[in-house]
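Below, each chain spelled out in residue letters.
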Amino acid sequence: MSEVNLKTERFDICRTVAMKFGRTVVDDTLIVPDIKPDIKKILDVSARSYITDITPGQDKIHIEGTAKATVLYLPDGDVIGNTKALIMSREFSYTIDAKGTTADDQVTAESEIGSVDSTLINSRKVNIRLGINIGAKICRCEPLELPTGTDEIVIECEPKPPAMDLIPFTPRQSDNESAPTNTCSKIELKKVPIRLADKQFISDGSMILREQHEISSKLPQIGEILNATATVEPEEMVTSSGNTRLKGIVKVNVLYEDAADTSSDSNKKSLLRNAEFTIPYNEQFDTPNSMDDMECDAEYTVREIYTEIRDNLDGEPRMIGAEVVVGVSISGYMISEPQAVTDAYSTDGSTLTLEFSETAPEQLIDTKTAQISHKFTAKRKATDAEILGVCGVTIEKTSVDDLKIKDNTVYIKGTINAKVLCSSNDENQPLYAIDCKTEFEHSFDCDQELGNKVACDAKIFINHLGYTISGSDSVDLRMIIGISIKLVKNDRIKTVTAIDREESEDTEQRGMQCYIIYFVQSGDTLWNIAKRYHTTVDELVKNNNIADRDKINVGQKIKIMSLT
């Protein structure tokens with residue numbers, strides 16, 4: 001008995017072990033600084049959060065992050081300006097129980113504000129309570145070795161005539177006649193195609209973007225900056241060996257109050273305004289494990305926004321200096337499509353003894369991305385003042401509410417929660433928010449039937465957001481919704497790990513050919529028939545004019561030429 005040398009290929013893959021979710025609360029009391037006036041009424045509270053550190057451990061994941069909130073309020077008393085702001089920034093930590101997790105696991109996490117509550121304790125104190133939802137994805141990276149072939153080669157293998165030219169049997173030649181030798185030493189391998197996300201990596205970084213924006217000379221000078229928001233709109237991503245280049249813009253919206261006219265004969269009041277501008281970026285990041293032609297993605301988190309009022313060349317406070325700190329998480333993988341050996345037999349009459357092992361790698365079925373245009377209208381409450389202007393629109397939350405897979409189609413339904421900050425001429429309500437939500441749906445058609453074992457990971461992101469004031473009571477919103485899906489499955493695969501060959505002792509009969517008419521039985525495949533009669537699938541297909549080698553019918557007649 002001799003051992004057949006199997007060729008193997010190594011792949012570095014990550015499989016999703018679990019998804020874990022948790023919720024924590026940041027509860028804090030803000031005290032109005034001495035330089036700011038008392039609070040008469042809270043107008044709006046906006047908040048955001050982001051993750052700063054992830055530490056996996058034994059059966060747990062420790063997460064740290066930062067929560068930020070801006071309180072806009074109506075001041076009490078005779079003060080300059082009709083809106084003031086308080087800023088809160090607090091760190092939080094949370095531990096998620098995750099049985100089976102180890103320190104070597106790869107964990108990514110996201111946080112979002114789930115709820116915002118504010119309570120005015122007195123004119124100098126306000127309590128802020130933020131509910132923060134946290135989600136963690138646990139992946140385990142491990143090597144995978146798959147058998148992809150053998151070192152066996154075909155030597156002096158005589159071509160066989162097609163079956164239709166053959167007579168029912170060939171008389172055995174006499175001892176004096178020399179029989180044509182067939183020294184074909186060939187092993188037929190059954191291979192299953194597998195699509196893997198190979199050599200996966202995650203690399204974190206950040207970029208600091210700065211810009212100056214000057215408001216029009218037709219507008220009043222800037223009095224006080226109240227709040228600033230920023231959103232990232234990526235445009236291009238190029239990954240090469242060892243680095244990744246990201247290109248796009250950051251949209252900045254600054255809410256400010258213009259400078260009041262303090263002259264004694266003026267009744268003009270300061271108004272709320274917003275300045276919108278973009279900061280382009282074209283940044284290169286070191287990604288040591290990246291390679292050319294990788295499939296890559298980048299996720300952005302706005303961490304800090306610093307703004308200040310600056311004088312222009314005429315010495316007037318008409319410029320806004322902005323610095324935006326954006327966290328970037330770059331991930332990527334190489335698509336590998338090996339053919340794994342799952343069975344084998346010999347066509348020369350020798351006996352093969354096979355050893356098997358089972359594995360369940362995460363197989364990549366398909367990835368798809370779509371962008372859809374979406375419009376909806378935000379309407380104020382009857383108790384709110386008429387809309388004078390829009391001070392900003394923010395996306396508070398995106399969610400996938402329903403995901404179904406049927407045949408070869410993926411159906412997605414989701415919700416977008418937005419907040420429109422409006423200004424008015426009402427002295428008691430100079431600013432208010434319209435909280436609104438809209439539903440959307442989309443479907444993806446795939447090239448193959450997916451089945452019930454396929455899992456789908458879907459992400460929602462907003463590529464563009466715009467608005468138009470459609471009247472004194474409503475604002476029309478328009479956006480480009482980006483949807484990306486990743487389809488995977490974890491079917492168990494039995495692969496060959498060792499092959500031992502035992503040569504046939506009946507060398508005299510080797511090389512004799514017989515012709516068989518076989519009728520297909522239930523459960524038969526061409527592979528099983530070929531294996532039983534020591535021929536090949538290719539010969540069965542050729543000699544029987546079979547159009548689809550994966551489809552044969554019960555009762556179908558198969559002509560076989562086989563070695564006895």
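Residues numbered from 1 in each chain as written. Predicted model: local features only at pLDDT ≥ 70, side-chain atom pairs only at ≥ 80, totals over all residues. Heavy atoms only, no water.

**A look at the overall build of the protein**
So, point 1. Regarding its fold elements, the protein presents 2 helices and 25 strands.
So, point 2. Buried positions account for 43% of the 564 residues belonging to the protein.
So, point 3. Across the protein, every contact between residues at least 6 apart in sequence was considered, and the portion connecting residues at least 24 apart equals 78%.
So, point 4. Carbon and sulfur atoms provide 44% of the accessible area of the protein, an area that totals close to 30000 Å².
So, point 5. Positive and negative side-chain charges of the protein, numbering 64 and 92 respectively, have mean locations separated by a distance of 4 Å. (Helix = DSSP H or I, 4+ residues; strand = E, 2+ residues; numbered from the N terminus. Buried < 20%, exposed > 50% of the residue type's maximum accessible area, 1.4 Å probe, protein only. Contact = heavy atoms within 4.5 Å. Areas by Shrake-Rupley, 256 points an atom, 1.4 Å probe, with all protein chains shown as cover. Lys, Arg positive; Asp, Glu negative; His and termini not counted. Charge placed at Lys NZ, Arg CZ, Asp CG, Glu CD.)

**Observations concerning the side chain of His374**
So, point 1. Residue position: His374 is located in strand β17 (residues 363–379).
So, point 2. Its relative accessible area of 15% is what places His374 among the buried residues.
So, point 3. Here the side chain of His374 touches Thr438 through a polar contact of 2.7 Å, side chain to side chain.
So, point 4. Residue contacts for His374: discarding those within four places in its chain leaves Thr438, Glu439, Phe440, Leu477, Arg478, Met479 and Ile481. (Polar contact = N/O pair within 3.5 Å; in protein donor to acceptor, adjacent residues only side chain to side chain.)

**A few points about the pairing of strand β11 (residues 243–258)**
So, point 1. Burial within β11 is extensive, with 13 of its 16 residues counted as buried.
So, point 2. Examined bridge by bridge, strand β10 (residues 222–240) and β11 share 16 bridges and lie antiparallel to one another. What sits directly across from Ser240, in β11, is Asn243.
So, point 3. Between β10 and β11, which pair antiparallel in sequence order, lie 2 residues; one of them, Gly242, sits at a positive phi of approximately 90°.
So, point 4. By the bridge criterion, 15 bridges tie β11 to strand β12 (residues 272–286) in an arrangement that is antiparallel. Considered in β12, the bridge of Val252 is made with Phe277. (Pairing = 2+ DSSP bridges.)

**Points about the sheet that holds strand β3 (residues 39–57)**
So, point 1. Overall, antiparallel pairing links the 3 strands, which are arranged β3-β4-β5 in an open sheet. Only two strands of the sheet have a single partner each, and these edge strands are β3 and β5 (84–97). Along the sheet, successive strands turn relative to each other by an average axial angle of 15°, direction set aside.
So, point 2. The sheet contact formed by strand β4 (residues 60–75) and β5 spans 14 bridges and is antiparallel. Across the sheet, residue His62 finds its bridge partner in β5, namely Thr95. (Axes fitted to C-alpha atoms, helices over the stretch in contact; angles between N-to-C directions.)

**Notes on the sheet that holds β12**
So, point 1. The sheet built from 3 strands is open, its strands ordered β10-β11-β12 with antiparallel pairing. With one partner strand each, in any of the chains shown, β10 and β12 form the two edges of the open sheet. Shown here is a sheet whose adjacent strand axes are inclined to one another by a mean of 15°, direction ignored.

**Here's the deal with the nonpolar core**
So, point 1. Judged by nonpolar contacts, the single largest core of 33 residues is most densely connected at Val410, Val420, Leu477, Ile481, Ile483 and Leu487.
So, point 2. The set of elements that each furnish at least two residues to this core consists of β17, β18 (389–406), β19 (409–423), β20 (431–445), β21 (454–469) and β22 (474–489).
So, point 3. Per-element tally for this core: the top contributor is β22, with 7 residues.
So, point 4. For Ile483, the residues in contact, after removing those within four places along its chain, are Lys368, Thr369, Ala370, Ile372, Ile412, Phe440, His442, Phe444, Lys459, Ile460 and Phe461.
So, point 5. With 30 residues, the next largest nonpolar core counts Val252, Tyr281, Ala322 and Met334 among its residues. (Core = buried A, V, L, I, M, F, W, Y, C linked by side-chain atoms within 4.5 Å.)

**Overview of the environment of Cys141**
So, point 1. By secondary structure assignment, the location of Cys141 is in strand β7 (residues 125–150).
So, point 2. The exposure class assigned to Cys141 is partly exposed, which follows from its relative accessible area of 41%.
So, point 3. For the pair Cys141 and Val400, spaced 259 residues apart in the sequence, the C-alpha separation amounts to 27 Å.
So, point 4. In this view, Cys141 contacts Ile13, Cys14 and Gln106; residues no more than four positions away in its chain are not counted.

**Focus: the state of the cysteines**
So, point 1. Tallying each qualifying case throughout the model produces 1 disulfide.
So, point 2. Here Cys296 is not cross-linked by a disulfide; its sulfur's nearest cysteine counterpart is in Cys14, at 14 Å.
So, point 3. Its sulfur unpaired, Cys391 is 7.5 Å from the next cysteine sulfur, which belongs to Cys422. (Disulfide = S-S within 2.5 Å.)

**Remarks on the side chain of Thr535**
So, point 1. By secondary structure assignment, the location of Thr535 is in the loop between α1 (526–532) and α2 (537–543).
So, point 2. Look at Thr535 and you get buried, because its relative accessible area is 4%.
So, point 3. Non-local contacts of Thr535, meaning those with residues more than four positions away in its chain, are made with Glu188, Tyr345, Thr347, Ala530, Leu540, Ile560 and Met561.

**Quick notes on the packing of aromatic side chains**
So, point 1. Under the definition given, this model contains 3 aromatic pairs.
So, point 2. Here the guanidinium or amino end of Lys494 rests over the ring plane of Phe356, the centre of that ring lying 5.7 Å away. (Phe/Tyr/Trp six-rings, centres within 6.5 Å; stacked < 30°, edge-to-face > 60°. Lys NZ or Arg CZ within 6 Å of the ring centre and 35° of its normal.)

**Re the environment of Asp550**
So, point 1. With respect to the helices and strands, the residue Asp550 is situated in the loop between α2 and β25 (557–563).
So, point 2. C-alpha separation for the pair Asp550 and Leu526, spaced 24 residues apart in sequence, amounts to 7.5 Å.

**Topic: the pattern of salt bridges**
So, point 1. For the coordinates displayed, the defined rule picks out 28 salt bridges.
So, point 2. Put simply, Arg310 and Glu308 hold a salt bridge, and the shortest N to O gap is 2.6 Å.
So, point 3. Here the salt bridges share partners, and the residues they tie into one network are Lys36, Lys84 and Glu224. (Salt bridge = Lys/Arg side-chain N within 4 Å of Asp/Glu carboxyl O.)

**Here's the deal with unusual backbone geometry**
So, point 1. Phi is positive for His534, which is not a glycine, with a value near 55°.
So, point 2. Positionally, His534 belongs in the loop between α1 and α2.
So, point 3. Among the residues examined, His534 registers a relative accessible area of 27% and is labelled partly exposed.
So, point 4. Look at Asn545: it is not a glycine, yet its phi comes out positive at around 50°.
So, point 5. Considering the arrangement of structural elements, one finds Asn545 in the loop between α2 and β25.

**Considerations on the confidence of the model for the protein**
So, point 1. Model confidence for the protein is summarised by a mean pLDDT of 89, while 90% of its residues fall at 70 or above.
So, point 2. Low pLDDT (under 50) marks residues 154–184, which in the prediction has 33 contacts with non-local residues, meaning those over four places away or in another chain. (pLDDT = per-residue confidence, 0-100.)

**With respect to the environment of Ala340**
So, point 1. For Ala340, the position within the fold is in strand β15 (residues 339–346).
So, point 2. Using a relative accessible area of 0% as the deciding quantity, one classes Ala340 as buried.
So, point 3. With 277 residues separating them along the chain, Ala340 and Ile63 place their C-alpha atoms 39 Å apart.
So, point 4. Discounting residues that sit within four places of it in the chain, Ala340 has contacts with Leu146, Pro147, Lys190, Lys191, Val192, Ile194 and Thr495.

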